[in-house]
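Understanding the architecture of this molecule
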Number of protein chains: 2
Amino acid sequence: MKNNAIRIGLFGFGTVGEGLYEVLKKATSAHAEIVKICVRDRNKKRSLPAEIFTYEPEDIFTDPDINLVVELIDDADASYAIVHRSLEAGKAVVSGNKKMLAYHIEELIELQEKTGTALLYDASACGSIPVIRNLEEYYDNDLLLSVKGILNGSSNFILSKIFNENKGYDEALKEAQDLGFAESNPTFDVDGFDSLFKLIIITVHAFGTYVHPDDVINYGISNLGEADIRYAREKGTRIKLLADVSKISDDKITLCVLPCFVPPDKYIYSVEDEFNGVVIKGECYDKQFMFGRGAGGFPTGSSVLSDITARSHDYRYEYKKRNQYRKMEYTTDVDIKLYVRYRDEADTALFRFKEVTERYYSKDYSFVVGVISLADLVAIKDELPKRNIFIAKMY
Amino acid sequence: MKNNAIRIGLFGFGTVGEGLYEVLKKATSAHAEIVKICVRDRNKKRSLPAEIFTYEPEDIFTDPDINLVVELIDDADASYAIVHRSLEAGKAVVSGNKKMLAYHIEELIELQEKTGTALLYDASACGSIPVIRNLEEYYDNDLLLSVKGILNGSSNFILSKIFNENKGYDEALKEAQDLGFAESNPTFDVDGFDSLFKLIIITVHAFGTYVHPDDVINYGISNLGEADIRYAREKGTRIKLLADVSKISDDKITLCVLPCFVPPDKYIYSVEDEFNGVVIKGECYDKQFMFGRGAGGFPTGSSVLSDITARSHDYRYEYKKRNQYRKMEYTTDVDIKLYVRYRDEADTALFRFKEVTERYYSKDYSFVVGVISLADLVAIKDELPKRNIFIAKMY
């Protein structure tokens, strides 16, 4: 039984980094200590003595005393450089950067195999919910049917304020930012990018398949309006931003990140505020629901802590499904039922509905509900944010 | 990366055993096969060909072709004998018998260490929710504050029928039995023994402490009456059978299994029917909620499958908290607020209330609510089932 003392070189000292520092002080039995912190801004006032900080990344990579690199920085390119360099230098690394992972995970898996060094990132995928670890270790069989969830705390917080407290979108967004739930760029959260990147990572561990984020539809809530909220209420539903990877046949999976009209009998209907909720569905175990705090420095800090203590036991992801099971292929050849609210009739021409089931017209706004192929939706995904429309999936 | 083929010798072929057999047929990539099944009853009609069955346990222990023993039998003594023999014979073993584990886990941990063989039992603790594995691997630090939950599917099913469909206790119990949710002896479920045994196992992995089941209060729902349901409704609560292990100071934990008046703002309030729900609370990550199917052959079968595939990767519990962290001591020196409904005034003499906060008297029944030391409650625990009373904890 090993329990190596962990000496950490940390990159980034923002909300999560500071949260981690506090968490580590409390978790004395973790035998983990931050010995050096690399930051960029020399002028920023810091809460720790100057000696612990460095501005030179190599100070960390070349320090023989440091056996774990933890990187908690926003910039995906810089994050990639750190993780890559770290693995090459033979140092295990913990990362919380979902964007970086969503784009580079394939290469980083191979680099881990080549160097024999480990990269852990449970913290990246769902705040404090141990989704990756559970998919990797517990649902490590081919009975999995789907993983669906609310993966972004800030957009869910905004939706809760809108639905439960009748606040406007802008007011709700501001409140999320004031509380520190929204990340540096709100687009990342509210337009579904954060959820998308997490879904890409989850899919690797759920079905062994890497899907490029650019190939998946992601649409967020920044265009949500009064009419959409009214429509949701009339149908007895709430709008939630859902990320979904589902098996649709023996060798095919499909992915999407879309606002969704969720009926009250679904677990995720009750996931409110900054919380995340994930439903794991399997052939025999029916449904598992995991629920926890998805945003904020402490919860994320404590999930980084789990990655850190896992390293003290030499834990590494084995990518079991990727390496051992039948490869599942990503497809968009699947129909979904979509709601499109618009003002300008020309905007609906964008959507190749196979069948229309509902139509409403008024001077102020109109909407159409119909069946559309996911492939057709992916094809126009870059066009969607430019239009004065809102789209959402019928559950 | 290892993925050894698993050849299973199975003990017991009841609901869960048959469920497992079906699950394994579907989970083809698990590379696990049941090669021999040891059963007791020679006359029972079986759904599989006779060749696979044996009546002689040694046929399994001495078969060099079998590398994993799975035991899914009700009888705790027989289960103990199998697990003990199996570890001594150097064969890893998966067990689902919570009673056996609750009484023998200390010795079996030592036997694992001595023989270098592994015993896994995630299936024992919470149906399909991966509680043990998460406590062991993910919450493997000293930030944990409490683990609380609805751990018994059948009693929760009964409570749901009573509260949501206004059924009587007997009617609800019969329905649970008809649906196969109640185990062979209903006392085990409805009087809180099943929850207690699971709590003992969870406590070992949550806080590293073994507490003898006889030292912990467990009281169930079999005496629940109209008046109690009315009282719960008046307070806007639901009665749930809750198992709870909580840290109360730096080196002390306390345990109890009691019906509890749960207010609507608690996650477990919404755990209905045969489902289980567990709330894991920590110093930094606040609350995690896990939810899943707790009773029935398939869900349990699939969690046994997770134990089996874990063995194909040579997984074993490391009992990290037991071996590496500061030992937490069990105490009953803690006050709780208790509701006692009674008819005979003499029965209340049993309870040494430190303070009474509510009292009601009528010809038909009376109740008292007050503060009592858990130690005093444990002292009278064997007396409680003999009286015409019902007790429940205020949340």
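Note: the structure precedes this text.
Note that this is a predicted model, so its numbers are computed, not measured.

A word on the packing of aromatic side chains
Taken as a whole and assessed by the stated rule, the structure comprises 49 aromatic pairs over all chains. Within the aromatic cluster, the residues linked to one another by ring pairs are Tyr267, Phe275, Phe289 and Phe291 of chain A together with Tyr267, Phe275, Phe289 and Phe291 of chain B. The ring centre of tyrosine 267 of chain A lies 5.2 Å from the NZ or CZ of lysine 287 of chain A, which sits over that ring. Here the basic side chain of arginine 238 of chain B rests over the ring of tyrosine 269 of chain B, its NZ or CZ set 4.0 Å away from the ring centre.

Re the environment of alanine 125 of chain A
All names here are of chain A. Positionally, alanine 125 belongs in helix 5 (residues 122-126). Residue class for alanine 125 comes out buried when judged on its relative accessible area of 0%. Note: C-alpha distance between alanine 125 and lysine 252 (127 residues apart in sequence) is 23 Å. In contact with alanine 125, other than residues within four places in its own chain, are Ile132, Lys198 and Ile202.

A short note on the sheet that holds strand 2 (residues 32-38) of chain A
All names here are of chain A. Pairing is parallel across the open sheet formed by 6 strands, whose spatial order is 3-2-1-4-5-6. Across the chains shown, the open sheet's two edge strands, defined by having one partner strand only, are strand 3 (53-54) and strand 6 (119-120). As paired elements, strand 5 (residues 92-95) and strand 6 share 2 bridges and run parallel to each other. Residue pairing across strands places valine 93 opposite leucine 119, the latter belonging to strand 6. Packing of helix 1 (residues 15-26) onto the sheet brings it into contact with strand 1 (6-11), strand 2 and strand 4 (68-71), and relative to strand 2 it is tilted by some 155°. Of the strands in this sheet, strand 1, strand 4, strand 5 and strand 6 touch helix 3 (residues 76-88), which is tilted by about 160° from strand 5.

Focus on the interface of chain A and chain B
In this assembly, 49 residues from chain A lie in contact with 48 residues from chain B. For the pair chain A and chain B, the summed buried surface comes to about 4,300 Å²; carbon and sulfur atoms form 50% of the total. Taken together, chain A and chain B are joined by 2 salt bridges. Two residues, lysine 26 of chain B and glutamate 283 of chain A, come together in a salt bridge whose shortest N-O distance is 3.7 Å.

Observations regarding the relation of the copies chain A and chain B
Of the two same-sequence chains, chain A is brought onto chain B (RMSD 0.0 Å, axial shift 0.0 Å) by a rotation of 180°. Taken together, the rotation and translation relating the two chain copies correspond to the operation of a two-fold axis. Relative to the rotation axis, the closest C-alpha in chain A is found at methionine 290 of chain A, a distance of 2.3 Å. When the interface residues of chain A are mapped onto chain B, 98% of them again fall at the interface, so both copies present the same face.

Focus on the nonpolar core
Formed by 269 residues in total, the largest nonpolar core has its most connected members in Phe351 and Leu377 of chain A together with Phe351 and Leu377 of chain B. In contact with leucine 377 of chain B, other than residues within four places in its own chain, are Ile217, Leu258, Ile336, Leu338, Phe351, Ile372, Leu384 and Ile391 of chain B.

A short note on the sheet that holds strand 2 (residues 32-38) of chain B
Residue and element names in this part refer to chain B. The sheet built from 6 strands is open, its strands ordered 3-2-1-4-5-6 with parallel pairing. Strands at the two margins of the open sheet, each flanked by one partner only, are strand 3 (53-54) and strand 6 (119-120). Contacts from helix 1 (residues 15-26) reach strand 1 (6-11), strand 2 and strand 4 (68-71) within the one sheet, and its direction differs from that of strand 2 by about 155°. Contacts between helix 3 (residues 76-88) and the sheet are confined to strand 1, strand 4, strand 5 (92-95) and strand 6, with strand 5 contributing the most and set at about 160° to the helix.

Some words on empty space enclosed by the protein
In this structure the tally under the stated criterion is 2 cavities of 30 Å³ or more. In this structure, the largest cavity spans a volume of roughly 50 Å³. Lining the largest cavity are Arg133, Asn134, Glu137 and Tyr138 of chain A together with Arg133, Asn134, Glu137 and Tyr138 of chain B. If you list the elements that add at least two residues to the lining of the largest cavity, you get helix 6 (131-137) of chain A together with helix 6 (131-137) of chain B. The class makeup of the residues in the lining of the largest cavity is 2 nonpolar, 2 polar and 4 charged.

What counts as what
Residues numbered from 1 in each chain as written. Chains lettered and ligands numbered in written order. Predicted model: local features only at pLDDT ≥ 70, side-chain atom pairs only at ≥ 80, totals over all residues. Heavy atoms only, no water. Phe/Tyr/Trp six-rings, centres within 6.5 Å; stacked < 30°, edge-to-face > 60°. Lys NZ or Arg CZ within 6 Å of the ring centre and 35° of its normal. Helix = DSSP H or I, 4+ residues; strand = E, 2+ residues; numbered from the N terminus. Buried < 20%, exposed > 50% of the residue type's maximum accessible area, 1.4 Å probe, protein only. Contact = heavy atoms within 4.5 Å. Pairing = 2+ DSSP bridges. Axes fitted to C-alpha atoms, helices over the stretch in contact; angles between N-to-C directions. Buried area = accessible area lost by both parts, 1.4 Å probe. Salt bridge = Lys/Arg side-chain N within 4 Å of Asp/Glu carboxyl O. Least-squares fit on C-alpha atoms with pLDDT ≥ 70 in both. Core = buried A, V, L, I, M, F, W, Y, C linked by side-chain atoms within 4.5 Å. 1 Å grid on protein atoms, 1.4 Å probe; cavity = no way out; pocket = protein on both sides within 12 Å on 5 of 7 lines; lining within 4 Å. Points joined across faces, edges and corners; volume = space filled by probe spheres on them. Nonpolar A, V, L, I, M, F, W, Y, C, P; charged D, E, K, R; others polar.

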